[in-house]
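Spelled out, the chains give:
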Amino acid sequence: MSATGPLPIVAVREALREALREDVPMVVAAPTGSGKSTQLPGWIAEDQRGPVLVVEPRRVACRALADWVARLHGTAVGQHVGYRVRFEDRIGPRTQVWFTTPGVALNLLADDGAGRFAAVMVDEFHERSWEIDLVVTLLLRARARGAAVRLLLCSATLDTEALVARLGARLLQAEGRRYPVDVVYQGEGIPTPRDLELRVAAAVDDTLRDGPTGDLLVFLPGKGEIERCGRALAGRPVTVCPVHGGLPPQALVRAFESAPGRRVFLATNVAETSLTLPGVTTVIDSGLVRRRQHQAGHSVLALVPISRASMDQRAGRAGRVAPGRCIRLWGERVRAEPVTPPELVRVSLDDLVLRAAGCGLPASELSTAPWVDPPPAFALNEAIERLRQTGALDARGQLTAVGKARARLPVSAFSARMLVDPPPALAGTVADLVALVELGRDLLLPGRFEDAEDARRECFGEAVDEVEVQLRALRRGRARREGLHPAALTEARKLASSLRQAIGAPPPSPDEALDRDALVALLLARIPEAAFVPRARADKKKGRGGPRRRRDAGPPPIPWGNGVLEVLVRPLWIPGLSADEQPTAPEAGLLLDLEWLGHGRAAQGRGRLLLRCTREHLWQAGLGEPVVGTPRLERGDRGRHVVADMEQRYAGVVIHHERAPLRGAALCDGVASLVLEGRLRKGLGESLRDALHLWALVEQSGQGEPQRVPDARGHLCSRLLDAGLDALDELDLLEPEDLCPDVDARALALGLTPRQLQALRDDFPRRFVYQGNVYACHVELAARRVTLEAERIHGRGGGEPPVGVLPRFRGFAVFYRKASRQLRLR
């Protein structure tokens, strides 16, 4: 972000003024480093009466750009130029240029509409988060309704022709300054996180030894990889500079100041387009990014390869100040997707639907709203239905009172379900827990901290799950003493304080107790899909903390499931505690944060923030499916009962077991089984089977549309349910005609005479017996064929019956089936 010399963006200034006067949408295409992010906001503010809103994808870019543009104007941040991001508001009463993140921009549009701003500039539009797309849709909708707000969409990598045509926009294009970049591949196959820090360190060593002079920029997918790579580069003659959204503003400012010696910037994709780091001549690209996508019905943060456009964009960072080099840590033959698809076509849309409704765009109008790229209809419908089921939308798609409360909260739709109107005694705990979920990071630094072992034992020694550890760290942890992440701890506390204030919870207390039973009951009622159990194959790994690996790594992860998803969960292992002090493995729990690594079917889920509970908790919450064992007749003080072993299974795991009298549908099903076995109402089972056999013959003989004949158990259970059977004694009050089908009436309806019906009874019995052997008769009237099959054979001799003893079967061909053999008898 250099202000020296004529920046390439100057070429479009006059065209910008003309487009502002004509009030047409503008698409500004200019490469990174051309000055669009630093110069355009000031020019627009000069030409317009009213403040300019600049929407940047990330907090780190908002802070950095606001600071830089304020310097260009010779003022402090918060005067002419300011920014507003989560937890920070540097906007003054006279601020004309507002830098904000998309989430804050949506809040502004929800509160005041588009009328507050003379113009809105959406920077890095190609990143296409669902929030950015929703901001643009709301602005296009407002313009269509007469709002006098100018709209600019800016990017270094855009399909400008299609976008200009879609919006009826004016294209403003500036060429950038770029030096040649030599691209080198170091790896085989697709980008992978395996041994990433070692491969980054090797690439840095190669560059220091024989690469270009100047600074190095390493693109990594997240803060965890940045921290690991930072440790791997320790001891080298460079200054390691992390660049990510979790940095405090002062640390970010230092990244743009000159420094002695060579620097290695370890950056997320915030440095891909949003920020131009000075002095970089070498780019080391991991080829990976974390992005939201749809996975097994959930929107998850997946680690995936970047697109071809991102690869080219990252490589171009090495050629801003001099000829450079880009080292790609994957194989040269890899074929990436051309561009990153918009987020709203690859994630579940619950958050979008809820946020849109909160901004005045109801669910009923989403499909017709002026989207740049409309979200998939099926994804919209699924999200609307889920929000209806959870009480956020009514039958017409309008926000309910609960939905309005959720939409006002600065958290995801999933987190809002926990946070709205909790019981007063749990409000503070829920706010803290949601803060940890939204943070998405572990507060404990990884690795060995020998100086912190005693402090960790004192702080976390009695904790039994990850939620309790993180809550203790949040409420009473000290970064240096317990080895906690300073920036993450600060951010988590700000978020927790903000959420407590939003729901009226009291300020946090270091000694605030965790009412586990009440918290588990609340969360199981509100987010039941978060309940997981260890899979059966994980049983061998259960025990006190599981098998150990390295002292600082803890036990390996084991699979957990909820009947739909399966994820890996690492058993709790608190650094600083001995193996005997570690918590025992839980039998069930709620996983409050899920992450997928990989892509598509190869993606592997990982769960974190486990709140320990018991299988009994799951049963009491009504989760799982009942499995009824073999019914039995038992006599008691109050007569006979039908009892069975009752199991409740969740994700294939038995969470409750008891032997109990059957009731309702289970009783009817059990009674039906006992009747058909001949243990109740002797003879009724055979009469019912005979009637169903005759019914099947009637359906084959009639003139009308045949009906499906039910099986004996299903028919009898249905009749018992219709009769309202609630106790075994009531069975004796039912007559056979109450339980058997009325075949006579059905035959009459199909045009059969009583004589024809009697002929079917006489000619085609359901079974026949010869010398104690029992044979079932399967009749195919249309084919004029009967197939016999042995049901019960006495002694060794039995087999096919002699032709002379066969029933009449009206002259049909008769076959005898035994296993796979069929023998024609006549």
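Data block above holds the structure.
Criteria and cut-off values
- Residues numbered from 1 in each chain as written.
- Predicted model: local features only at pLDDT ≥ 70, side-chain atom pairs only at ≥ 80, totals over all residues.
- Heavy atoms only, no water.
- Pairing = 2+ DSSP bridges.
- Helix = DSSP H or I, 4+ residues; strand = E, 2+ residues; numbered from the N terminus.
- Axes fitted to C-alpha atoms, helices over the stretch in contact; angles between N-to-C directions.
- Contact = heavy atoms within 4.5 Å.
- Buried < 20%, exposed > 50% of the residue type's maximum accessible area, 1.4 Å probe, protein only.
- Polar contact = N/O pair within 3.5 Å; in protein donor to acceptor, adjacent residues only side chain to side chain.

A. Focus on the sheet that holds strand S26 (residues 767-770). A sheet is described by the order of its strands in space; here five strands give the open sequence S26-S27-S28-S29-S30, paired in mixed fashion. With partners counted over all chains shown, the strands left at the sheet margins are S26 and strand S30 (821-824), one partner each. For this sheet, the mean inter-axis angle between neighbouring strands, taken without regard to orientation, is 30°. Pairing of strand S28 (residues 785-792) with strand S29 (residues 813-818) involves five bridges; the strand directions are parallel. From the neighbouring strand, Thr-787 faces S29, where its bridge partner is Phe-815. On the sheet, helix H24 (residues 684-701) packs against S26 and strand S27 (773-780) and is oriented at approximately 25° with respect to S27.

B. Spotlight on the side chain of Arg-143. Mapped onto the fold, Arg-143 is located in helix H5 (residues 130-144). On the accessibility criterion, Arg-143 (18% relative accessible area) is buried. At a separation of 2.7 Å, a polar atom in the side chain of Arg-143 contacts the main-chain carbonyl oxygen of Val-149. When near neighbours in sequence (up to four residues on either side) are disregarded, Arg-143 contacts Asp-23, Val-24, Pro-25, Val-149, Arg-150 and Leu-151.

C. Expanded view of the side chain of Gln-648. Of note, Gln-648 is situated in strand S24 (residues 639-650). Reaching out from Gln-648, the side chain makes a polar contact with the backbone oxygen of Gly-624 at a distance of 3.3 Å. Once you skip the residues sitting within four places of it in the chain, Gln-648 turns out to touch Trp-619, Leu-623, Gly-624, Glu-625, Pro-626, Val-653, Val-654, Ile-655 and His-656.

D. Up close: unusual backbone geometry. Its identity as a non-glycine residue notwithstanding, Asp-23 has a phi of 55°, on the positive side. Position of Asp-23 among the secondary structure elements: in the loop between helix H1 (13-22) and strand S1 (26-29). Of note in the backbone geometry, Phe-809 takes a positive phi value of approximately 50° without being a glycine. Inspection of the secondary structure puts Phe-809 in the loop between S28 and S29. The exposure class of Phe-809 is buried, given its relative accessible area of 0%.

E. Structural detail: the sheet that holds strand S12 (residues 263-267). Overall, parallel pairing links the six strands, which are arranged S9-S16-S13-S10-S12-S11 in an open sheet. Both edges of this open sheet fall to strand S9 (181-185) and strand S11 (239-243), since each of them pairs with a single strand only. Across the sheet, the mean angle from the axis of one strand to that of its neighbour is 20°, orientation sign disregarded. As judged from the five bridges shared by S11 and S12, these two strands associate in the parallel manner. Considered in S12, the bridge of Val-240 is made with Val-264.

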